[in-house]
Every structure is written in structure tokens, then in C-alpha cells.
Amino acid sequence: MSRQTLLRKIPQLDALLHEDEFQALVNDYGLAPTRTATRVILENLRQEILSAADSQLASIEISLDGLVTATKTYLRSERKNDLRPVLNATGIILHTNLGRAPLSDSAITAIIDNCRGYSNLEYDLENGCRGNRYDNINAIINKLMGSESSLVVNNNAGALLLLLDSIARGREVIVSRGELVEIGGSFRIPEIMTLSGVFLREVGTTNRTRLADYEAAIGDNTAALLKVHSSNFRIEGFTEETSLRELKELADKYDLSLIYDLGSGLIHSDIPAVLSNEPGLSPELLQLVDAVCFSGDKLLGGPQAGIILGNSTLISRLRSNPLLRALRVDKLVLSALTATLRSYQNPDLLAAEIPFYRFLTANEGEIKDRANKLLEILSQQMTDFQLVSCRGEIGAGSAPGIELASWGVGLHANDAPLPLHEIEMRLRLGEPAVVAYISNDILTFDLRCIADDNLYELAQAIANAIREG
Ligand SMILES: *Cc1c(COP(=O)(O)O)cnc(C)c1O
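Residues numbered from 1 in each chain as written. Predicted model: local features only at pLDDT ≥ 70, side-chain atom pairs only at ≥ 80, totals over all residues. Heavy atoms only, no water.

Chemist: Lay out the sheet that holds strand β14 (residues 385-395) with the relevant residues and their values.
Modeler: Ordered in space as β2-β14-β15-β18-β17, the five strands form an open sheet in which the pairing is mixed. With partners counted over all chains shown, the strands left at the sheet margins are β2 (92-94) and β17 (437-439), one partner each. Neighbouring strand axes in the sheet, compared pairwise and without regard to direction, differ in orientation by 45 degrees on average. By the bridge criterion, two bridges tie β2 to β14 in an arrangement that is parallel. Note on β14: the bridge partner recorded for Ile92 is Glu393. Its contacts with the sheet put helix α18 (residues 364-378) on β14 and β15 (404-412), and the angle it makes with β15 is roughly 15 degrees. (Pairing = 2+ DSSP bridges. Helix = DSSP H or I, 4+ residues; strand = E, 2+ residues; numbered from the N terminus. Axes fitted to C-alpha atoms, helices over the stretch in contact; angles between N-to-C directions. Contact = heavy atoms within 4.5 Å.)

Take a look at the structure:
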């Protein structure tokens, strides 16, 4: 075929967009992006024809299928870094890199219902005047957690920043050297303190801090004592930690505030055994501290948020701090958090409603059944998958060192049609994306955090990834 004939065979943009195959792309990606992508693909084709050597012309094919595929690939690659769903086959429930806690159905529904249109975010419907975004969630939290007052902000780092800024700006706060933690990413307690204009006064040693160490550090400029849950690490052996009760006595003696960064937000009264070493919120704890703060998306199983509980005077101070404006939660988070906390009003349903608790309390037999079901679906593949026992974790820095015995499906390197790292990569890049892991030459899919509803999708993603070529 001559160069001219080939050029004349390139379809017109608008005619092409009317083809069913392109209409399907318009449905998925919208008209403007599809039009732009198609134009790029047609232009690339034109350039290819113009620049091809005479001998190469014969190999250039123009087909509807080819153009659809090229356009679709282009549209997809444009969006490849957008936030999108991932099937978590790591067995780590609160995987920080995968968005920590998945939301409950009721939280999702609340977001959709309240955010599709308008809402009473800051409007008092009873009195027809301006309302306050924090009042309703405050009432729910106080009732559920027994606090006198509360405030919700963007995340727990923000909660601590607001607390320190409001209580101790320009003054000193005393912390044990055993609690100067880094939570991951860039959250380091000393840095947050600097940011809030507070002078950090470290006391004790990494493994032992006594009450006397705190007391010796107290001076005219001391504003508060800060206790931080060590979250993601454990110090074992020759250790000593000053109890909250002792710190409370000290704080009272010197008229200081006592702040507790609890980190994980365990508020469940009927705590599953694996969490027995995690500090939970209790009436006694609330009696001892001026304020306690924790995350919404760790053991609470809700959206990203920082929840602060404290006495009314303190919370009023936080509410009037201009910094709050920069840390405030939006209607999506308030919707999801309200719904999540409503689930806690009925503890019996917690495991059924909150995905974190469902995954955490799933028993081994149940997960094993799921693994067997996946094996059955995968048995149509010409590849030998096997049932494997695996070990997951809670994640998000909670309950470090605790392993969750689990079951999954594995693919041994000797049985795999491709190198395991290649399959693992294809899974990550697929749709839906799947994050699995390789351990001892076995590509492992831990099924603790995969819902039954997602098994077929997972099987399909695996089938796509192992297909050769
Ligand atoms: C996780 C954690 C934080 C940070 O909470 P975010 O909600 O991620 O901002 C702060 N302090 C402690 C002790 C934590 O465990």
C-alpha cells in the first residue's frame, strides 16, 4: 500500500468517536479526555506513516480494534497514578500505605448521602441560623466515650499540635526519652513539639524514666507533662515507665497539664485478646488526664481524623485557637466518623459493620475456607496454586510484634509461568491493583483482608497477571 493510500485510510476523528467501541470509552472516561486521547493516537499514526521507510509501509495496519486498544491504553496510563482501589493481600489490616482502615458501609453511605448535595454542616436546622460543625460529633463522642468535652481535627498529629500550641506555646513540656517516637513518614514527637513553639524537655533514658526524673525537670516555665504511647515499638527487659497515676499526682502538685497521646484509639470495651497490650480509653484514664488524643483510622476503624477528649475549659481553648481553622475536618470525614461511632453504640454488631474488626476477629477456619474457595476458582488456571499458612499484622504501628495467624493462596517459583517478581509487579499494575508479597520463593496472597465479595475479582486479577505474553 502506498503512503498516500495509508494516510487516506486514517479515520476521521468525529466518525471514529461515534463507533460503539469509542462510545464505551466516552462512558468510562468522559468525552473531552477520550477525544483528546483519540486525537493523539491518530496523530501518532499519521507520524508513523510519514516517517516509515518504504519497506516498512507494508507492516503498518490500520484497524478499529487497534485504535481502540491504543486509545484505551493511553487513557488508562494517564490515570495510572490516580487514587484507586487496591486488593490488600498482605495480611496487614491497617496498612498505612494502603489507606489504613477501610470504611464501613454505613460510613460510605453517609458520605454519599451528605456530600452529593448540601448538608447542615454549619447550619442549625431547628433555629434556622448558623450552626457549629463540631457540636453534634462532640455530643456523640461524649456519650460514647464518657468525656466531658471533645474536638475532632484532621489527624492525630494535628490533634497533638493543636493541644501543645494551645497549652504550652513558648513554654516547656516534659517527655520521657523512652517516648520520643517516630510514627513513620515524618511524624516525630520532637519535631511536632518544635513546630508548636514548645520547648521539649527530655527526661530519663530510653529504657527507664522514673517519677523523680520528671520532678527534677519541672521549673517555672514548665506548662505540661506529655505521655506518648510508644505505638510501633516495644522496649523489653530492664525497663521502667512512670504510670499515668503518678504523673497525675505530679501534675496536680505543680499545677501542670497532663496530656496523653494515646495514638491508636482503642475505645472498644470488649477488647479482642490480640489487643490486650494496647492501652484503651477508659473512664479511669479520662479522670487522670487533662486531654487525651488518638487517631480515627487506626484501631477505631474509621476515617482519618484526630480525636481529642478533655475538660470543657481546655476544649474551649482549643476551639478558639486560630490554628483549628487549618486543621479542621470536612464534611466527608464528619459523615464517616459519625456513622462509624454510631456502629460503636451497638457493640454486638461491631465486627459485622466495621471492616477493621471484621478482619481482626475473623477466625482461622473462616480465612482457610476463603483460601480454599479461591483455590477452587483458580483451579481453572493451568498453574499450581497451593494453600499456605501465613502471618499478618495489625499494622499502623499498633500492637507491634503481634502476629495474626492466617491462611492464603501461594504460588511457588517452580510452579510459576513467569518470575515471581514479574507477576507481583503485574498484579500491582493491574486493575484492580493487587498487593501481595513474596516470601521463601512463594508469591503469597493472605486472605484475611480480602472480603468474600472480592474473591472473583482477585482470581481474575491473578489470572491476568500470570497470562504469558
Ligand atoms: C499514629 C500516631 C500518631 C499520628 O497519628 P495520625 O493520625 O497518623 O496523624 C501520633 N502519635 C501516636 C502515639 C501514634 O501512634
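Chemist: Can you break down unusual backbone geometry residue by residue, with the values?
Modeler: The amide bond that connects Glu431 to the next residue, Pro432, takes the cis arrangement and shows omega of 0 degrees. Along the chain, Pro432 falls in the loop between α19 (420-429) and β16 (433-435). Here Arg100, not a glycine, exhibits a phi torsion of approximately 50 degrees, which is positive. With respect to the secondary-structure elements, Arg100 resides in the loop between β2 and α6 (105-115). One non-glycine residue, Asn440, lies in positive phi territory at about 50 degrees.

Chemist: Would you mind going over the pattern of salt bridges in detail, with residue names and values included?
Modeler: Counting across every chain of the model gives 19 salt bridges. Taking the shortest distance from any N to any O, the salt bridge between Arg169 and Asp165 comes out at 2.7 Å. According to the relative accessible area criterion, Arg169 is partly exposed, its value standing at 48%. Asp165 gets classed as buried once you look at its relative accessible area, which sits at 13%. For Lys248, the salt bridge identified is with Asp252, shortest N-O distance 3.2 Å. Here Lys248 and its partner Asp252 are both found in helix α11 (residues 244-254), four residues apart, which amounts to about one turn of the helix. What you see here is one network of salt bridges that share partners, running through Glu122, Arg130 and Arg133. (Salt bridge = Lys/Arg side-chain N within 4 Å of Asp/Glu carboxyl O. Buried < 20%, exposed > 50% of the residue type's maximum accessible area, 1.4 Å probe, protein only.)

Chemist: So what's going on with the packing of helix α8 (residues 156-168) against helix α13 (residues 312-319)? Which residues, and what values?
Modeler: Close contact between α8 and α13 brings their axes to 9 Å; oriented N to C, the two are set at 105 degrees. By the angle between their directions, the pair α8 and α13 is classed as roughly perpendicular. Across the interface between the two elements, Leu162, Leu163, Ser166 and Ile167 from α8 touch Leu314, Arg317 and Leu318 from α13. Across the contact of α8 with α13, the residue classes break down as five nonpolar, one polar and one charged. (Parallel < 35°, antiparallel > 145°, perpendicular 65-115°, else oblique. Nonpolar A, V, L, I, M, F, W, Y, C, P; charged D, E, K, R; others polar.)

Chemist: Go over the packing of aromatic side chains with me, naming the residues and quoting the values.
Modeler: For the coordinates displayed, the defined rule picks out two aromatic pairs. A centroid spacing of 6.4 Å and a plane angle of 85 degrees characterise the contact between Tyr344 and Tyr357, whose relative ring orientation is edge-to-face. Taken together, the residues Tyr344 in helix α15 (residues 331-344) and Tyr357 in helix α17 (residues 355-361) connect sequence positions 13 residues apart. Assessed through its relative accessible area of 6%, Tyr344 is described here as buried. Overall, the relative accessible area of 1% leaves Tyr357 in the buried class. (Phe/Tyr/Trp six-rings, centres within 6.5 Å; stacked < 30°, edge-to-face > 60°.)

Chemist: Go over the pairing of strand β11 (residues 257-263), please, and point to the residues and values.
Modeler: A large share of β11 lies buried, amounting to seven of its seven residues. By the alternation rule, side chains of β11 split into Ser257, Ile259, Asp261 and Gly263 and Leu258, Tyr260 and Leu262, which are all buried. Two elements, strand β10 (residues 222-228) and β11, share five bridges in a ladder whose sense is parallel. Across the sheet, Leu225 pairs through a bridge with Leu258, a residue of β11. For β11 and strand β12 (residues 291-295), the ladder comprises four bridges, and the chain directions are parallel. Paired with Ile259 across the bridge in β12 is Ala291. Considered for its hand, the β-α-β crossover made up of β11, helix α12 (residues 283-288) and β12 is right-handed. (Right-handed = clockwise from strand over helix to strand, strands pointing away.)

Chemist: Account for a negative patch on the surface, with residues named and values stated.
Modeler: On the surface, a cluster of negative charge is made up of Glu19, Asp20, Glu21 and Asp65. Looking at where Asp65 falls in the secondary structure, it is placed in helix α5 (residues 64-78). Taking the relative accessible area as the measure of exposure, Asp65 reaches 54% and is therefore exposed. (Patch = residues over 30% accessible without salt bridge, like charges linked within 9 Å, V, L, I, M, F, W, Y side chains within 5 Å. Areas by Shrake-Rupley, 256 points an atom, 1.4 Å probe, with all protein chains shown as cover. Lys, Arg positive; Asp, Glu negative; His and termini not counted. Charge placed at Lys NZ, Arg CZ, Asp CG, Glu CD.)

Chemist: Please give an account of the side chain of Thr340 that cites residues and values.
Modeler: Residue placement: Thr340 occurs in helix α15. Those residues in contact with Thr340 that sit more than four places away from it in its chain are Ala107, Leu300, Gly301, Gly302, Pro303 and Ile354.

Chemist: Can you break down the sheet that holds β10 residue by residue, with the values?
Modeler: The strand order across the open sheet built from seven strands is β5-β13-β12-β11-β10-β6-β9, with neighbouring strands paired in mixed fashion. Looking at which strands have only one partner, the edges of the open sheet turn out to be β5 (149-153) and β9 (199-203). Here the average twist between neighbouring strands, direction ignored, is 20 degrees. Bridge count for β12 against strand β13 (residues 306-310) is five bridges, and the pairing is antiparallel. The partner of Ser295 across the bridge, within β13, is Gly306.

Chemist: Explain the domain arrangement of the protein chain residue by residue, including any values.
Modeler: In terms of domains, the protein chain is made up of domain 1 (3-78), domain 2 (86-98 + 358-467) and domain 3 (105-349). Between the C-alpha centres of domain 1 and domain 3 the distance comes to 55 Å. (Domains from an automatic or database assignment.)

Chemist: An account of the side chain of Ser150 is needed here, citing residue identities and associated values.
Modeler: If you trace the backbone, Ser150 turns up in strand β5. A polar contact is formed between the side chain of Ser150 and the side chain of Asn138, at a distance of 2.8 Å. In this view, Ser150 contacts Asn138, Ile141, Asn142, Ile308, Leu309 and Ile315; residues no more than four positions away in its chain are not counted. (Polar contact = N/O pair within 3.5 Å; in protein donor to acceptor, adjacent residues only side chain to side chain.)

Chemist: Now, about α15: what can you tell me, with residues and values included?
Modeler: Here α15 is 14 residues long and its end C-alpha atoms lie 20 Å apart, about the 20 Å a rise of 1.5 Å per residue gives. Summarising burial for α15: eleven of the 14 residues are buried, a large majority. Here the buried face of α15 lies against α6, α7 (135-145), β5, β13, α16 (350-353) and α17. (Expected span 1.5 Å × (residues − 1).)

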